[in-house]
Amino acid sequence: MVSSSFSQIRNDSLQSSSTMFSLAKSSTLNFKRVVDADRVARRCRAVDQRTMFVVAELVEVEIQIMGADDLVRRLVISVHGRRAPATKSRVTDTLTSCLPDTMLHIQSDKLLLLLLLMQLSFTSLIASQRQHQRVKSAVFLSPPLTLRPGSVASKLYYNVPFPRGHIALKSFNGEVVDGNGTPVPLHETYLHHWVMERYYARKGGAATETNYSDIKSSDNSSYIWARNAGICIGTLRQHFGLGSETRRTDTWVPDPYGIEVGNPSQVPDGYEERWVLNIHAIDTRGVVDRLGCTECKCSLYNVTKDEFGAPLPKDYVGGLYCCHDQTQCRVREGYGNVARTLHLRYTVKWLDWLENHLVPVKIYIFDVTDSGEPVDPTEEDPFKLSCKIEYQVEACRVDDNAKCVDSKKVKLVMAKGGDIVYGVAHQHTAGVGAALYGQDGRVLCTSNPKYGEGEDVGDEVGYIVGMSTCYPEPGSVRVTDGEVLTLESNYSSSQAHTGVMGLFYILVAEVAPGEMELPKHTLSFVLAGGVLMALAAAGICYLWKKRKNAAYETLAIA
């Protein structure tokens, strides 16, 4: 007898690999039928493709051979897919709707059951090797930030806690919390941005770097930046980074992809991998102009020099260089000066790296201010870099009949192509969306802001609390080597805005999942399984001919 029951539904740690073999009509089933896998997969995808790729089921199959009650074999099969919300009822309904009307009818023939066991085992072998590991997760707190009304903290913390080893990063999220771990709303502390960068430090050196000057010099052999694959020279090196939108922006790297870090073969000899965290937060309690403070208008901060003491350009009226660490935005007269201690609480999810089981992706960060001009890699003046990171939006004319939207575009060259598997933009207040286009004008990804509508944390009115993301079907959005892309960033220009940004993050897989080579031991298992299945099939054919007139029902294939 063959009996099957749902034992667990998992919504994460999934990597799509082969067609689905396990199925059910309800949460508990007893039946004597097995389904042709390819047929089920075709019909299921036609019914609900996303659910079929999304769902993960662990199905226990108990098999009793030749009526021997004490001989029970358990086989665990994985049904694989990409991560997304899924409920048990949705899974069951979808599977039920796509079952063939006729299925293989099984009798408790020893060879037939053996064939079934081998078929299920070897078909799911490759997938089970990559799926049976669970996503790991850890929550960390940054060192404390002390803020008073109107004050600014822009801190760099080196060698911060981070998962170690050869791993595949799957997501990174952060939010500002107080000393009790309570999330802080944006209208009290505005999270301008947080950035996580990777670097290599020489072993045996200082356990913790203390400031930017420790590692910024290109001739300092004690530190090496391990930047992303982006094209902005001298800046935007980070692996992760968001701002006010962090709580409601999905950063999940879809399966079977991962951001590979900690690969021993990529770490220079004598060095070790470390991470640096940059947090830029503005306390807006009691300020005279909350939007002006979050846009870093120089007049509100009474700043004329950058954090290194260099004079700011005369036409620079607002942005990052007017709200650097320990600057002060203007506060209403008589407002208190109560200090508070805050942290960035960040959550990292990852998988242990399994060679040839995960597809590595490269991180690209594009900037709409990128001039494309050659830049000296040792250049430290931010105003001389090709990627300025921020820009100013001028107010539209009152008599302008067109919509008051400032649209900024730039063309960028993608040196190395591949499949885009994820995309998201980063904008500030007044942003109305950004898009990335291919050379032929096709839309690669569009990302739009989500504005809050209330006072609760994560829904603060007037603030961007999330950005929409792109998750293309694997292989459906591909860019070629040397393709010229166009980035467009749009802002409302009903009034002027300073220090706005138009960044676009994409993850690109240069190798498609189907092009990954199988490990030698996996190939050996598959070949051995094929031989055993062939022998079992020959035995079944022999018994079939010998007993074709017996009094049991024959096999009927749907």
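This one's a predicted model, so the numbers in the text were calculated from it and none came from an experiment.

Enquirer: Sorry if this is basic, but what is going on with the nonpolar core here?
Expert: Note on soluble globular proteins: their nonpolar side chains tend to be buried together. Residues Leu169, Tyr301 and Phe366 are the most contacted members of the largest nonpolar core, which totals 94 residues. Sort the elements by how many residues they give to this core and strand S30 (residues 503-509) lands first, with seven residues. Those residues in contact with Tyr301 that sit more than four places away from it in its chain are Val152, Ile282, Cys293, Cys296, Cys322, Cys323, Thr327, Gln328 and Cys329. If you look at the next biggest cluster of nonpolar residues, it comprises six residues, including Val135, Trp252, Trp353 and Leu358.

Enquirer: Please explain the environment of Pro161 as it appears in this structure.
Expert: Positionally, Pro161 belongs in the loop between strand S9 (152-158) and strand S10 (167-178). Given the relative accessible area of 41%, Pro161 is considered partly exposed. If we ignore the near neighbours within four places in the chain, the residues touching Pro161 are Phe140 and Tyr346.

Enquirer: Please explain the side chain of Arg237 as it appears in this structure.
Expert: Following the sequence through the fold, Arg237 ends up in the loop between strand S12 (223-225) and strand S13 (240-242). Given the relative accessible area of 14%, Arg237 is considered buried.

Enquirer: I keep staring at the pattern of salt bridges and nothing clicks. Help me out?
Expert: Opposite charge on two side chains permits pairing when their charged atoms draw close. One pass over the structure, following the stated rule, counts 16 salt bridges. Connected through shared salt-bridge partners, Glu175, Arg247, Arg345 and Glu460 make up one network.

Enquirer: Looking at this structure, how should I read the state of the cysteines?
Expert: One way to say it: the disulfide is the covalent bond shared by the sulfur atoms of two cysteines. Throughout the structure, instances matching the rule amount to six disulfides. A sulfur-sulfur distance of 2.1 Å marks the disulfide that ties Cys296 to Cys323. A torsion of 70 degrees about the S-S bond marks the disulfide between Cys296 and Cys323 as right-handed. With Cys296 in the loop between helix H5 (290-294) and helix H6 (298-301) and Cys323 in the loop between H6 and strand S16 (340-352), the pair connects residues that are 27 residues apart, well separated along the chain. The pair Cys296 / Cys323 is uniform in exposure class, with both members buried.

Enquirer: Would you mind showing me how to read the sheet that holds strand S23 (residues 443-447) here?
Expert: The strands making up a sheet associate through backbone hydrogen bonding, with each pair oriented either parallel or antiparallel. On the basis of which strands lie adjacent, the open sheet formed by four strands has the order S20-S28-S22-S23 and antiparallel pairing. Looking at strand neighbours, the two that pair on one side only are strand S20 (405-414) and S23, the edges of this open sheet. Within the sheet, the average angular offset between the axes of one strand and its neighbour, ignoring direction, is 15 degrees. Here 10 bridges tie S20 to strand S28 (residues 483-492), and the two strands are oriented antiparallel to one another. Its bridge partner being in S28, Val410 is matched across the sheet by Leu487.

Enquirer: Looking at this structure, I do not really get the side chain of Asp178. What am I missing?
Expert: Following the sequence through the fold, Asp178 ends up in strand S10. Summary of buried charges: Asp178 has no salt-bridge partner, and the nearest side chain of opposite charge, Arg340, is 5.1 Å away. A polar atom in the side chain of Asp178 sits 2.9 Å from the backbone nitrogen of Asn180. Ignoring anything within four residues of it in the chain, the contact list for Asp178 reads Val184, Thr341, Leu342 and His343.

Enquirer: For this particular structure, what's the right way to read the packing of aromatic side chains?
Expert: The geometry of an aromatic ring pair is captured by two quantities: the separation of the ring centres and the angle between the planes. Taken as a whole, this structure holds 14 aromatic pairs when the rule is applied. The interplanar angle of 10 degrees and the centroid separation of 5.5 Å between the aromatic rings of Phe172 and Tyr346 together place this pair among those described as stacked. Separated by 174 residues along the polypeptide, Phe172 in strand S10 and Tyr346 in strand S16 bring together distant segments of the chain. Here the aromatic rings of Tyr422 and Tyr471 are separated by 5.4 Å at their centres, their planes lie at 65 degrees, and the arrangement is edge-to-face. Here Tyr471 lies in the loop between strand S26 (469-470) and strand S27 (478-479) and Tyr422 lies in strand S21 (residues 418-426), a separation of 49 residues in the sequence. Take Tyr422: its relative accessible area is 7%, and that puts it in the buried class. A connected cluster of aromatic rings, assembled from ring pairs, spans Phe140, Phe162, Phe172, Trp194, Phe240, Trp275 and Tyr346.

Enquirer: Even after reading the chapter, I still don't get the environment of Phe366, so can you show me in this structure?
Expert: Mapped onto the elements of the fold, Phe366 is located in strand S18 (residues 362-367). Along the chain, Phe366 and Leu487 lie 121 residues apart, while their C-alpha atoms are 7.8 Å from each other. The contact partners of Phe366, leaving out residues within four places of it in the chain, are Ile231, Leu412, Met414, Leu436, Leu485, Leu487, Gly502, Leu503, Phe504 and Ile506.

Enquirer: Mind showing me how you'd approach the environment of Thr369 here?
Expert: Among the secondary structure elements, Thr369 is positioned in the loop between S18 and strand S19 (390-393). The exposure class of Thr369 is buried, given its relative accessible area of 11%. Put simply, Thr369 and Tyr391 are 22 residues apart on the chain and 7.2 Å apart in space, counted from C-alpha to C-alpha. For Thr369, the contacting residues outside a window of four places in its chain are Ser386, Cys387, Lys388, Ile389, Glu390, Tyr391 and Lys408. Within the local environment of Thr369, its side chain forms a polar contact with the backbone nitrogen of Lys388, the two atoms lying 2.9 Å apart.

The rules we used
Residues numbered from 1 in each chain as written. Predicted model: local features only at pLDDT ≥ 70, side-chain atom pairs only at ≥ 80, totals over all residues. Heavy atoms only, no water. Core = buried A, V, L, I, M, F, W, Y, C linked by side-chain atoms within 4.5 Å. Buried < 20%, exposed > 50% of the residue type's maximum accessible area, 1.4 Å probe, protein only. Helix = DSSP H or I, 4+ residues; strand = E, 2+ residues; numbered from the N terminus. Contact = heavy atoms within 4.5 Å. Salt bridge = Lys/Arg side-chain N within 4 Å of Asp/Glu carboxyl O. Disulfide = S-S within 2.5 Å. Pairing = 2+ DSSP bridges. Axes fitted to C-alpha atoms, helices over the stretch in contact; angles between N-to-C directions. Lys, Arg positive; Asp, Glu negative; His and termini not counted. Polar contact = N/O pair within 3.5 Å; in protein donor to acceptor, adjacent residues only side chain to side chain. Phe/Tyr/Trp six-rings, centres within 6.5 Å; stacked < 30°, edge-to-face > 60°.

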